[in-house]
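# Structural description and commentary
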Amino acid sequence: MAVTPIEKCTPTGKEWSIWCIPANFNYFVKTDLVPDSDEGVTNVTSNVKAHSRRLYYNDIIKVNVSAHERTFLVDPGRKVGSALPGYSFVLDDGTETRQFTTDADVVDLHAYLLGELNADTKLYTNGARYLIKPEADGG
């Protein structure tokens with residue numbers, strides 16, 4: 001059985017993101033979320049100036065290190081281990097129940113879902129449950 005990875009998805013025009021399996025989240029909403037692209041991953045080079053250091057703790061002899069360049073990977077979407085930023089929330093429409101993670105404020109998430117949900121859905125957050133009835137199309 002293949003494992004589907006959790007991906008970072010940012011709703012259009014929002015400053016916050018949702019970490020989810022896109023197909024699971026898209027079940028609940030009108031406008032599909034797509035994973036953020038990996039175009040932000042780059043190699044960055046920086047210069048390290050000459051300095052001295054000890055080879056080990058309490059070493060009395062210092063060793064000189066000449067100036068050199070250091071290249072490292074910058075990946076803005078990288079997560080460490082299984083840790084996800086933000087907090088968990090659950091969507092339940094009576095048929096499907098799914099858990100996701102977001103770094104949005106509850107007010108922002110609620111406002112987004114109000115305009116995007118397909119059906120009456122319960123939103124469970126850290127402290128409260130909200131029953132969200134989606135706005136009717138056309139106003």
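Here is a short report on the structure shown in this document. (Residues numbered from 1 in each chain as written. Predicted model: local features only at pLDDT ≥ 70, side-chain atom pairs only at ≥ 80, totals over all residues. Heavy atoms only, no water.)

Before going further, it helps to examine the pattern of salt bridges. Scanning the entire structure with this criterion turns up two salt bridges. Residue arginine 98 is joined to glutamate 96 by a salt bridge in which the shortest nitrogen-to-oxygen separation is 2.9 Å. Take arginine 98: its relative accessible area is 31%, and that puts it in the partly exposed class. Between aspartate 120 and lysine 133 there is a salt bridge, with its nearest N and O atoms 3.4 Å apart. One end of the pair, aspartate 120, is in the loop between α2 (106-116) and β9 (121-124); the other, lysine 133, is in the segment after β10 (129-132), and 13 residues separate them in sequence. Residue aspartate 120 is classed as partly exposed on the basis of its relative accessible area, which comes to 39%. Lysine 133 gets classed as exposed once you look at its relative accessible area, which sits at 52%. (Salt bridge = Lys/Arg side-chain N within 4 Å of Asp/Glu carboxyl O. Buried < 20%, exposed > 50% of the residue type's maximum accessible area, 1.4 Å probe, protein only. Helix = DSSP H or I, 4+ residues; strand = E, 2+ residues; numbered from the N terminus.)

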